[in-house]
Each structure stands twice: as structure tokens, then as C-alpha cells.
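Breakdown of the fold
Now for the letters of each chain:
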Amino acid sequence: MTPNERRGHPSPTVSPHFYSTYGLRLSSQLEFPELRPLPPGMAADVEIVADDLPDMLEDSDGSEPGLQYSEDRCQFCCEGIARCRVEQGRRIQLDRRVPLKPGASPPDEDLRHYLLSTALGALLHQKHWLPLQLSALETPSGVWGFTGDAGAGKSTLAAWLHYCQGWPLVSDDVGVIRPGETPPYLYPGPPRLKLWDGALATLGIDPRDLVRDPSRADRYHLIQHHGFRTYAQPLRALVTLERAGEGEDATLEPLNGREAFRVVAASLYHLEWGRTFNGPARLMTHAADLARRIRVYRYRRPWSLDDMEQSLAPLVALIHEAARRDA
């Protein structure tokens, strides 16, 4: 038995599984229980296979620590999980002959998380699409997305609006825009919501039956919890989240022009990959076009989970007002 077989590395003869995510049809030798299955034998947009890889990408145009890349290919290694090659927006090749990290999560769980975020993020940029780091819901005014720096509370806000307002979840972590579509449609990523244990406690959700995040012991994944919208819908608004100062009330500010463009550009998932595979000029053109075609806001709010209803009241009121205006 080979080292890859001992670690569950599928043989190339394994019949593929078929799934849908990010508006793509995947043919994969690995199983993804968190994704929506498709009938077998469908024509696939992306192929995921397990095979041996060399340590370096041949004929690479550039490299960084653990990453080599060319115009339409890249290869990188995630310590203790896999070496990965992403090619031409169509193929992901995995080599799991890497040492395990001490105390690592189950290898398959880590690998799926890595594939659905890092590897597919690179592939989406190779397709010259716009992967946005956001949480999104289907509101009375259509799909609204929430973005911001790491720790800005995107997932917590989405969870509160979902459970307390009854608005369906669309995507968490990453959603995709295909430039050129009118209106701009948001294609959802995997139907999972990442929440810290404090947010779970506030919402009254028992974490014992949830999936623990591979990288954070106090964060959990709610996979297909209470249902996600799995189809593309027009993105109506993008809201960047900021933390209000002590004693400051929640405020909402519409943004236009350069400020709206900066919000969209800052929300791009792995911006450095976008520059590599899309090219800076095309990437910024697509971001500016999206900023012109949706509403963009800055939302500053207190950080306490105890005051969520009060602090989110201006946002909820704005969304209902937008729905009445659009009716």
C-alpha cells in the first residue's frame, strides 16, 4: 500500500463525484458532503484529482514562500494537508504526501476546507471572475452582502439577521461575481456559516453537533444549517462593516465614486492572486464596474453582542425602505 493510499489518497480509477458550488459544476475524486450533489456523468467545469506532484511548478514566472505561479497556473503547499496545483481555471491536482501537523484535525476535513477556500479561490481568479469575501443574505430588498476586515463580524451579523429576521442565507466567506453579467449576479459558495462560540451562545445554538473549524478551536461551521439559497441572484448592495467607538451609536453612510470602489476592491478574496491571474488593470476595471452597479454603504456599529437588536435597527430599517422604494 502506498503512502497516499494509507492517507486516503484516492486512486485515479475512482469514479468521480459531482457537485455544484460558486456556479461551477465540479467533478471530484474526493467527496464533499457539504456541497450540493449533481447527477453523475454531467459535463464538469472543474476537475479535482489526486495525483503526485513535483516539489516545484515547472517554468514558473515567479515565486513566494510556499507558492510558485505563472500566467494561468499556480502551485502551493499547505503544511500538513496537501500540495496543490491549480491550472487554467479548470483543474485542481492534489498531492497529499506531506507530513501531518501535530494535533491536526482529521485529514479529510482539513483538506476539504482547504480546497473549498484556498484552491478554489485561486481557480476563480484564473477564470477572471471576482471572488468577494463576504456574508450575504436574501433580504426583502434582494441580496445584500456584508464585508470588512477579518474579525469585522460578517458571519455573526448574517447569523443574527437570519435567525432573528428570518432572512435566508445565501453565502458566507466567499461569493462570486462574473463580470459582464447584467445585473451582477452573486454565485454562492459552500453552504456553511462560521461562527464563534460567543455568537452561538447569544443565538442559543448548541455547538455539540456542529463541525469545529480546523484552524480555531472556538469557532464552528454550521453546514447547510436551516437551509441556504444555492442559486445565483442579483447582488443589490454591499455593506462594509466597521467598529464604532465606545458610546457611539450605529451609523449608516452611503458611498459613491472612489469610496465605493475602495470597498469593492478591499472585499476581493486573495487580491494578490487577482493581480497575478486577472492583471491589475482588468481587475480594477471589473471592481469599478461592480461598484457603479450596486449600492455601497459604510456601517459603523457597537461591538457588543448584547445590543445586536438595537445596533442593527438602522440597517434593518434601511433594507425595508429600499424594498418599498424598489417595489
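Our subject in this report is the structure included herewith.

Secondary-structure assignment places Asp55 in the loop between strand E4 (46–50) and strand E5 (62–64). Judged by its relative accessible area of 57%, Asp55 is exposed. Along the backbone, Asp55 and Asp95 are 40 residues apart, and their C-alpha atoms lie at a distance of 9.9 Å. Those residues in contact with Asp55, other than ones at most four positions away along the chain, are Gln68, Gln75 and Arg83.

In a packed pair of helices, the relevant descriptors are the angle between the two axes and the axis-to-axis distance. Close contact between helix H5 (residues 257–266) and helix H7 (residues 280–293) brings their axes to 8 Å; oriented N to C, the two are set at 120 degrees. What the angle tells us is that H5 and H7 run oblique. By crossing handedness, the relation of H5 to H7 is classed as right-handed. When H5 is examined against H7, the residues Ala260, Phe261, Val264 and Ala265 are found in contact with a partner set consisting of Met284, Ala287, Ala288, Leu290 and Ala291. The residue makeup of the contact of H5 with H7, split by class, is nine nonpolar, no polar and no charged.

The next point concerns a negative patch on the surface. A surface patch of negative charge is lined by Asp59, Asp61, Glu71 and Asp72. Residue position: Glu71 is located in the loop between strand E6 (67–69) and strand E7 (73–78).

Tallied over the full model, the rule gives four aromatic pairs. A centroid spacing of 5.8 Å and a plane angle of 90 degrees characterise the contact between Tyr19 and Phe32, whose relative ring orientation is edge-to-face. In this pair, Tyr19 sits in strand E1 (residues 17–21) while Phe32 sits in the loop between strand E2 (24–28) and strand E3 (36–37), placing the two residues 13 residues apart along the sequence. Each of the two residues, Tyr19 as well as Phe32, counts as buried. Plain terms: the ring middles of Phe76 and Trp273 are 5.6 Å apart, the flat faces sit at 15 degrees to each other, and that makes the pair stacked. Residue Phe76 is found in strand E7, and its partner Trp273 is found in helix H6 (residues 271–277); the two are separated by 197 residues along the sequence. For the pair Phe76 and Trp273, one class covers both residues: buried. Through pairs of rings, three or more aromatic residues link up here, namely Phe76, Tyr114 and Trp273.

Along E2, four of the five residues are buried, which leaves the element largely enclosed by surrounding structure. Inspection of the sheet shows E1 paired to E2 by five bridges, in the antiparallel sense. Looking at the pairing, His17 lines up with Ser28 of E2. Where E1 hands over to E2, the hairpin turn is made up of two residues, of which Tyr22 adopts a positive phi near 55 degrees.

Let us look at the sheet that holds E3. Taken together, the nine strands give an open sheet; going across it, the order is E3-E1-E2-E4-E9-E8-E7-E6-E5, and neighbouring strands pair in mixed fashion. Of all the strands in the sheet, the pair left with one neighbour each is E3 and E5. For E2 and E4, the ladder comprises three bridges, and the chain directions are parallel. Bridge pairing in E4 links Ser28 to Ile48.

Okay, the environment of Glu47 next. Here Glu47 lies in strand E4. Separated by 18 residues in sequence, Glu47 and Gln29 have C-alpha atoms that sit 8.5 Å apart. Discounting residues that sit within four places of it in the chain, Glu47 has contacts with Ser27, Arg90, Arg91 and Ile92.

Within the largest apolar cluster, 34 residues are counted, with the highest numbers of intra-cluster contacts made by Phe76, Val86, Ile92 and Leu115. The set of elements that each furnish at least two residues to this core consists of E2, E4, E7, strand E8 (82–87), strand E9 (91–95), helix H2 (107–126), strand E12 (169–177) and H6. A per-element tally of this core places H2 first, with nine residues. Look past the residues within four positions of Val86 in its chain and what remains in contact with it is Asp72, Arg73, Cys74, Phe76, Arg91, Ile92, Ala119, Ala122, Leu123 and Gln126. The next biggest cluster of nonpolar side chains, apart from the first, holds 33 residues, and it includes Ala152, Leu161, Val239 and Ala250.

Bringing the pattern of salt bridges into the picture now. All told, the structure shown has 20 salt bridges when counted by the stated rule. With a shortest N-O distance of 2.8 Å, Asp326 and Arg295 are connected by a salt bridge. In this pair, Asp326 sits in helix H8 (residues 308–326) while Arg295 sits in strand E19 (residues 295–301), placing the two residues 31 residues apart along the sequence. Using a relative accessible area of 24% as the deciding quantity, one classes Arg295 as partly exposed.

Quick notes on the rules
Residues numbered from 1 in each chain as written. Predicted model: local features only at pLDDT ≥ 70, side-chain atom pairs only at ≥ 80, totals over all residues. Heavy atoms only, no water. Helix = DSSP H or I, 4+ residues; strand = E, 2+ residues; numbered from the N terminus. Buried < 20%, exposed > 50% of the residue type's maximum accessible area, 1.4 Å probe, protein only. Contact = heavy atoms within 4.5 Å. Axes fitted to C-alpha atoms, helices over the stretch in contact; angles between N-to-C directions. Parallel < 35°, antiparallel > 145°, perpendicular 65-115°, else oblique. Left-handed = near helix turned anticlockwise from the far one by under 90°. Nonpolar A, V, L, I, M, F, W, Y, C, P; charged D, E, K, R; others polar. Patch = residues over 30% accessible without salt bridge, like charges linked within 9 Å, V, L, I, M, F, W, Y side chains within 5 Å. Areas by Shrake-Rupley, 256 points an atom, 1.4 Å probe, with all protein chains shown as cover. Salt bridge = Lys/Arg side-chain N within 4 Å of Asp/Glu carboxyl O. Lys, Arg positive; Asp, Glu negative; His and termini not counted. Charge placed at Lys NZ, Arg CZ, Asp CG, Glu CD. Phe/Tyr/Trp six-rings, centres within 6.5 Å; stacked < 30°, edge-to-face > 60°. Pairing = 2+ DSSP bridges. Core = buried A, V, L, I, M, F, W, Y, C linked by side-chain atoms within 4.5 Å.

Worth remembering: the numbers are spatial, not functional.
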